[in-house]
Amino acid sequence: MSAATAPSAAAKQRRTQAERREEAERSILDAAVRLVAEKGLDGFTLADAGEAAGYSRGLPAHYFGSKPDLLAAVARYIREWFFARLEARVGGHRRGLANLIAGIDVYFDACRDDRTMLRALHTVLSGALHNPVIADTVVKLNRDAVKSVEVALRAGIANGEIRRSIDVDAWSVLILSSMRGVVTQCLIDPDPLDVSSLRNTFVTALKRNLTT
């Protein structure tokens, strides 16, 4: 490699600093998610998030500015988590009903194996009713989630799996709302619900209503 193309020491240092900042921001966001799940939106401070992440109490303010700015970042972080999980489960090889059921499984599986993130998600969803800082992100999350259901339904109609007479817009909202309702009960109820049975019953009922 010539001297002209070799990375300079300053460039290496800049990349290292950027990587360190990205790592610190992610750690603070992870800590903030845990705090949101445990204490709600108002139960912690910026300093608490820094300390919980293993950094100085002042670092979150340096990176995120204010508590509302951190909460907005948390809402975006949760949205990214949800859709990354959905994409990993659905992938490009499923269509129609298979796609829809894979998306449903994202919710039900999270009841078992990612309750902290799920609790944070539902805290943010309810918090958007009174917190304009996160409301825009939650509106986008809701619309995108409904759209993903709609796309699966329309693909199922196109390939003959789902009857054409259904109201796609209404069913998209109803399916998402039903899943979130079950998840809320799972998170609140101290007696563990049989998530696998609920999932199977829900999918069976859904197939019956959409295909006959």
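Our structure is the block above this text.
Fair warning: this is a prediction, and the values are worked out from it, not measured in the lab.

Moving on to the pattern of salt bridges. Per the stated rule, a full pass over the model turns up 11 salt bridges. Between Asp144 and Lys140 there is a salt bridge; the shortest N-O distance is 3.6 Å. Linking Asp144 with Lys140, this pair stays in helix 7 (residues 132-158), spanning four residues, or about one helical turn. A salt bridge links Arg154 to Asp169; its shortest N-O distance comes to 3.8 Å. Here the residue Arg154 occupies a position in helix 7, and Asp169 occupies one in helix 8 (residues 168-188), the gap between them amounting to 15 residues. Each of Lys147, Glu150, Arg154 and Asp169 takes part in salt bridges that share partners, so that together they form one network.

Moving on to the environment of Val182. Turning to its location among the elements, Val182 is positioned in helix 8. Residues Val182 and Glu87, 95 residues apart in the sequence, show an inter-C-alpha distance of 22 Å. Contacts of Val182, omitting those with residues within four sequence positions, involve Phe108 and Leu198.

What follows covers the environment of Pro60. Along the chain, Pro60 falls in helix 3 (residues 59-64). Sequence separation between Pro60 and Leu121 is 61 residues, and the spatial gap between their C-alpha atoms is 21 Å. Not counting chain neighbours up to four residues away, the residues in contact with Pro60 comprise Ile28, Leu46, Ala49, Gly50 and Gly65.

Turning our attention to the packing of aromatic side chains. In total, this model carries three aromatic pairs according to the counting rule given. Aromatic side chains Phe82 and Tyr107 sit 5.2 Å apart centroid to centroid with 55 degrees between the ring planes, which places their arrangement in the tilted category. Taken as a pair, Phe82 in helix 4 (residues 67-90) and Tyr107 in helix 5 (residues 96-113) lie far apart in primary sequence, 25 residues in all. A relative accessible area of 5% places Phe82 in the buried class. Between Phe108 and Phe202, the ring centres sit 6.1 Å apart and the planes meet at 45 degrees, which makes this aromatic pair tilted.

Cut-offs and rules
- Residues numbered from 1 in each chain as written.
- Predicted model: local features only at pLDDT ≥ 70, side-chain atom pairs only at ≥ 80, totals over all residues.
- Heavy atoms only, no water.
- Salt bridge = Lys/Arg side-chain N within 4 Å of Asp/Glu carboxyl O.
- Helix = DSSP H or I, 4+ residues; strand = E, 2+ residues; numbered from the N terminus.
- Contact = heavy atoms within 4.5 Å.
- Phe/Tyr/Trp six-rings, centres within 6.5 Å; stacked < 30°, edge-to-face > 60°.
- Buried < 20%, exposed > 50% of the residue type's maximum accessible area, 1.4 Å probe, protein only.

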